[in-house]
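What follows is each chain in one-letter form.
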Amino acid sequence: MTTVKSSSRSRATAASVKENGVKLEEGLNPFKSDRFDAEFYVQSSCSLNDKEIKQLCTYLVDLKKASAEEMRRSVYANYAAFIRTSKEISDLEGELSSIRNLLSTQATLIRGLAEGVHIDSLSISDSDIFSVNGTLDSEDKEISDLDKWLVEFPDLLDVLLAERRVEEALAALDEGERVVSEAKEMKSLNPSLLLSLQNSITERRQKLADQLAEAACQPSTRGAELRASVSALKKLGDGPYAHSLLLNAHLQRYQYNMQSLRPSNTSYGGAYTAALAQLVFSTVAQAASDSMAIFGEEPAYTSELVMWATKQTEAFALLVKRHALASSAAAGGLRAAAECVQIALGHCSLLEARGLALCPVLLKLFRPSVEQALDANLKRIQESSAAMAAADDWVLTYPPNANRQTGSTTAFQHKLTSSAHRFNLMVQDFFEDVGPLLSMQLGGQALEGLFQVFNSYVNLLVKALPESMEEEESFEDSGNKNVRVAETEAQQIALLANASLLADELLPRAAMKLSSLNQAPYKDDNRRRTSERQNRHPEQREWRRRLVGSVDRLKDTFCRQHALNLIFTEEGDSRLTADMFINMDGNADEVEWVPSLIFQELFIKLNRMANIAADMFVGRERFATLLLMRLTETVILWLSEDQSFWDDIEEGPRPLGPLGLQQFYLDMKFVVCFASNGRYLSRNLQRIVNEIITKAMAAFSATGMDPYRELPEDEWFNEICQDAMERLSGRPKEINGEKDLNSPTASVSAQSISSVRSHSSS
């Protein structure tokens, strides 16, 4: 259809040109006449009236437009033919150049043959001919077929080599080797001719090898032509050299293509890594394919291939590190570094189908850069958290961008202070980045680094406690030391809420991403995957235990500070001494049976903290209970280990009297009652209280008196403790006009005291 349209358009154009040409020819006829008078023509033309002049101008303008349109149509109509003709001329010039070169080569060959090139070495004298055919009759002068072959063989090889007919040249060389072998066995040639023939074969063989090597080294030689040259070289008997040429040819082509590849201007270099990986590993794959097709699985060649591929992989890794990973690693761009590594490993893993497992080589070379990015990322988390802690008001809030809904239990529902929110957000991003790097066995290092960062953040929380007694050295790794102090109990408990929520829920939940081995960048054997899956969970359990240990350190510091503030005055004097019990027997008339003031203040403090913790630890009441339990144990444990207190009780100048023993027993009973009532009475606390009571009763017994006669019944202590708790907590003393006789406090207290008394009496 296109041809028909084109031919129609050409015919129309030709007709138009012909018509215009006829008109133009008619217009020029007056000028062709021999009698043409220019002056007369001008006068006659000038004698035209205005109307005729206008018509002539109009005609000339139309003629100009028609000429331009005809020119345009002619160009468009003949442009394709012009281009096609130009290409054909170029092709003809190339063919003429090839013919010229071929003719030059043939002329040189004929000239060499005419001048007797290489003939002298193989010229056969009449005496040699007769000696070779000594068995023939002396009258038979005819030259044998072998003699003719000896004369023609060098010329044949030269022609085949000049025309680059490789297969035929190889066959001729093989035939020459066969003739030499037969001549040696049958001794049909004299030694000089045999040596000359061998030298001729060796010379042509080397020339052919040089031609093939030169062809293989040309950048334009590729594919089937390259394989043919290398295969011919192998047939010539120089397999190692041929294999090296094959690998070198692929390397040269790779280096040539590298000239057009430049590092990407993107911030992470992912495009550059992808382009470079495609170029390098496709070259290695093609080299492996060619090597297998030509040389098979011979160990010598496969070993050289592996070494060559490893070298190219190392060079590739250095380029990626220089142009992509270096900047990302220095800036802590773990995600960018992970993407580059993923791209590289993805391309490299495709070589495993060809028997080249080069991913471990890449992992080994990339690991230092990724570790650097990992460390820089962790350091950024640490520094950012420290900067936020310097301005943190230690008030629990929801995340600023949280989309909270009623009844939702998502992670965004957790309340943290501003520095903890920032810490958690950066940790979540950190695990999103480090997940793809599990194949580099960086999971353990990532967990260890994050533990160190969390421990550093806990150090900041410890320092935020007022009058912290932690050594300054423990904060050397916390970055910014200017931490805002948590003044109120609510702020201090918020510190514990930060640490406990991060350690118990948020960080372990984020770390579970490391358990997913489906993000590995290259396929590995199932045995390795199973092993990593089995080892991952114990490692994370140990990591979580260490996180809880850091939180316990903060909790211990919190409890110790509050216990010491309760026991000691601002001047440093103790409010819990032996004299407060020993002196009671000297002031019997002033005794009021209520718990000692310090234990009343302990109850008030614990009750206040319980109310604060109830609002802060919604859904995590166990942590609040353990905190109150630890604080109570800290105070009682300090009393148990205060050697000066017990020295005064047991060996002081004045013994412990009945009233002092009764008050001491009441105080211990009060501690057990309010701890049981608040549901934070631990077995450890019961054990310590029982040991303290036993110790006090033993000191009283040493004076010769029976403690069981001096102590009232348990109901008396229970009633006083219950009244004190109701009074101090502001609860009504009676319910419906009667005391609450079913209170669990009374039963637990009685059981505790009864066990102490029975143990002491036995």
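Since we're looking at a predicted model, the values are computed, not measured.

S.K.: Please clarify how the overall build of the protein should be interpreted in this entry.
M.R.: Check the secondary structure of the protein and you find 26 helices and zero strands. Counting only residues that meet the buried cut, the protein has 39% of its 762 residues in that class. Summarising the internal contacts of the protein: among those between residues at least 6 apart in sequence, 77% fall at separations of at least 24.

S.K.: Just checking my understanding: could you explain the packing of helix H8 (residues 224–235) against helix H10 (residues 270–295) for this structure?
M.R.: Two numbers describe a pair of packed helices, the interaxial angle and the distance between the axes. As a packed pair, H8 and H10 sit with axes 10 Å apart at the nearest point and diverge in direction by 40°. In terms of orientation, H8 lies oblique with respect to H10. As H8 runs across H10, the sense of the crossing is right-handed. Note on element contacts: H10 touches H8 through Gln 286, Asp 290, Ile 294 and Phe 295, opposite Arg 227, Val 230, Ser 231 and Lys 234. Across the contact of H8 with H10, the residue classes tally to three nonpolar, two polar and three charged.

S.K.: Explanation requested: the packing of aromatic side chains in the structure shown.
M.R.: How two aromatic rings sit relative to each other is set out by the distance from centre to centre and by the angle between their planes. The full count for this structure, using the stated rule, is 18 aromatic pairs. A ring pair is formed by Phe 617 and Phe 623, whose centres lie 5.1 Å apart and whose planes are at 35°; its orientation type is tilted. Taken individually, Phe 617 and Phe 623 each receive the classification buried, so the pair is uniform in this respect. Aromatic side chains Tyr 665 and Phe 717 sit 4.7 Å apart centroid to centroid with 55° between the ring planes, which places their arrangement in the tilted category. Taken together, the residues span a long stretch of sequence, with Tyr 665 in helix H22 (residues 658–677) and Phe 717 in helix H25 (residues 714–729) at a distance of 52 residues. Classification of Phe 717 by relative accessible area gives buried; the value is 0%. The ring of Phe 623 is capped by Arg 620, whose NZ or CZ atom sits 5.7 Å from the centre of that ring.

S.K.: Explain helix H12 (residues 334–349) to me, please; I cannot follow it from the model alone.
M.R.: The end-to-end C-alpha distance of H12, which contains 16 residues, comes to 22 Å, matching closely the 22 Å that a straight helix rising 1.5 Å per residue would cover. For H12, every residue scored as buried is listed here: Leu 334, Ala 336, Ala 337, Ala 338, Cys 340, Val 341, Ile 343, Ala 344, Leu 345, Cys 348 and Ser 349.

S.K.: I would appreciate a short explanation of a negative patch on the surface in the present structure.
M.R.: A grouping of Asp 579, Asp 647, Asp 648, Glu 650 and Glu 651 is seen on the molecular surface, where their side chains present a negatively charged patch. Looking at which element gives the most residues to the negative patch, the answer is helix H21 (residues 643–651), with four residues. Turning to its location among the elements, Asp 648 is positioned in helix H21. Judged by its relative accessible area of 36%, Asp 648 falls in the partly exposed class.

S.K.: Hey, could you run me through the pattern of salt bridges in this one?
M.R.: Between side chains of opposite charge, a pair can form when the charged atoms approach closely. Applying the stated criterion across every chain, the model contains twelve salt bridges. The closest approach of N and O atoms between Glu 489 and Lys 605, which form a salt bridge, is 3.2 Å. A residue pair is termed long-range when its members are at least 10 positions apart, and Glu 489 in helix H16 (residues 489–511) and Lys 605 in helix H19 (residues 597–616) qualify at 116 residues. Among the residues examined, Lys 605 registers a relative accessible area of 11% and is labelled buried. Notably, a salt bridge pairs Glu 542 with Arg 545, separated by 2.4 Å at the nearest N-O pair. Note that Glu 542 and Arg 545 are positioned in helix H17 (residues 526–567) at a spacing of three residues, about one turn of the helix.

S.K.: Which parts of the structure should I look at to understand the side chain of His 414?
M.R.: Looking at the secondary structure, you find His 414 in the loop between helix H13 (359–390) and helix H14 (418–434). For His 414, a relative accessible area of 17% puts it in the buried group. Side chain to side chain, His 414 and Glu 505 meet in a polar contact 3.2 Å long. The residues contacting His 414, other than those within four sequence positions of it, are Thr 397, Tyr 398, Pro 399, His 421, Leu 501, Glu 505, Leu 506 and Arg 509.

S.K.: Would you take a moment to explain the confidence of the model for the protein for this structure?
M.R.: Considering every residue of the protein, the mean pLDDT works out to 77; 74% of them sit at 70 or more. Confidence over residues 1–10 falls short of pLDDT 50; this stretch has zero contacts with residues more than four positions distant or in other chains. Low pLDDT, under 50, characterises residues 469–480; the stretch is placed with 25 contacts to residues that sit more than four places away or in other chains.

S.K.: What is the right way to look at the nonpolar core in this model?
M.R.: The tendency in soluble globular proteins is for nonpolar side chains to be buried as a group. Judged by nonpolar contacts, the single largest core of 148 residues is most densely connected at Leu 276, Phe 316, Phe 366, Phe 431, Phe 599 and Phe 674. Of all the elements, H16 adds the most residues to this core, at 13 residues. Each of two domains, domain 1 (147–315 + 325–345) and domain 2 (568–729), supplies a minimum of three residues to this core. For Phe 599, the contacting residues outside a window of four places in its chain are Leu 576, Ile 636, Leu 639, Asp 667, Met 668, Phe 670, Val 671 and Phe 674. In this structure, Val 230, Ala 232, Ala 249 and Ile 294 belong to the second largest nonpolar core, which totals 31 residues.

S.K.: Explain unusual backbone geometry to me, please; I cannot follow it from the model alone.
M.R.: The phi angle at Trp 394 is positive, at roughly 55°, despite the residue not being glycine. When you line up the elements, Trp 394 lands in the loop between H13 and H14. The buried category is assigned to Trp 394, whose relative accessible area is 2%. Although it is not a glycine, Arg 679 adopts a positive phi angle of roughly 65°.

S.K.: Teacher, can you tell me more about helix H9 (residues 239–258) here?
M.R.: A turn of α-helix holds 3.6 residues, and therefore any two residues three or four places apart point the same way. The terminal C-alpha atoms of H9 lie 29 Å apart, and with 20 residues this matches the ideal 28 Å at 1.5 Å per residue to within 8%. Listed in full, the buried residues belonging to H9 are Gly 239, Ala 242, His 243, Leu 245, Leu 246, Leu 247, Ala 249, His 250, Leu 251, Arg 253, Tyr 254 and Met 258.

S.K.: Help me out: how do you make sense of the packing of H19 against H25 in this one?
M.R.: At a minimum axis distance of 10 Å, the contact between H19 and H25 shows a crossing angle of 55°. Classed by the angle they form, the pair H19 and H25 counts as oblique. Between H19 and H25 lies a crossing of right-handed hand. In contact with Gln 600, Phe 603, Ile 604 and Asn 607 of H19, H25 contributes Met 725, Arg 727, Leu 728 and Ser 729. Here the contact of H19 with H25 is built from residues that sort into four nonpolar, three polar and one charged.

S.K.: Help me understand a nonpolar patch on the surface, please; the structure alone is not making it clear to me.
M.R.: Together, Leu 56, Tyr 59, Leu 60 and Leu 63 give the surface a local cluster of nonpolar side chains, amounting to about 370 Å² of exposed area. Mapped onto the elements, Leu 56 comes out in helix H3 (residues 50–114). A residue is classified by how much of its surface remains accessible, and Leu 56, at 44% relative accessible area, is partly exposed.

Basis of the calculations
Residues numbered from 1 in each chain as written. Predicted model: local features only at pLDDT ≥ 70, side-chain atom pairs only at ≥ 80, totals over all residues. Heavy atoms only, no water. Helix = DSSP H or I, 4+ residues; strand = E, 2+ residues; numbered from the N terminus. Buried < 20%, exposed > 50% of the residue type's maximum accessible area, 1.4 Å probe, protein only. Contact = heavy atoms within 4.5 Å. Axes fitted to C-alpha atoms, helices over the stretch in contact; angles between N-to-C directions. Parallel < 35°, antiparallel > 145°, perpendicular 65-115°, else oblique. Left-handed = near helix turned anticlockwise from the far one by under 90°. Nonpolar A, V, L, I, M, F, W, Y, C, P; charged D, E, K, R; others polar. Phe/Tyr/Trp six-rings, centres within 6.5 Å; stacked < 30°, edge-to-face > 60°. Lys NZ or Arg CZ within 6 Å of the ring centre and 35° of its normal. Expected span 1.5 Å × (residues − 1). Patch = residues over 30% accessible without salt bridge, like charges linked within 9 Å, V, L, I, M, F, W, Y side chains within 5 Å. Areas by Shrake-Rupley, 256 points an atom, 1.4 Å probe, with all protein chains shown as cover. Salt bridge = Lys/Arg side-chain N within 4 Å of Asp/Glu carboxyl O. Lys, Arg positive; Asp, Glu negative; His and termini not counted. Charge placed at Lys NZ, Arg CZ, Asp CG, Glu CD. Polar contact = N/O pair within 3.5 Å; in protein donor to acceptor, adjacent residues only side chain to side chain. pLDDT = per-residue confidence, 0-100. Core = buried A, V, L, I, M, F, W, Y, C linked by side-chain atoms within 4.5 Å. Domains from an automatic or database assignment.

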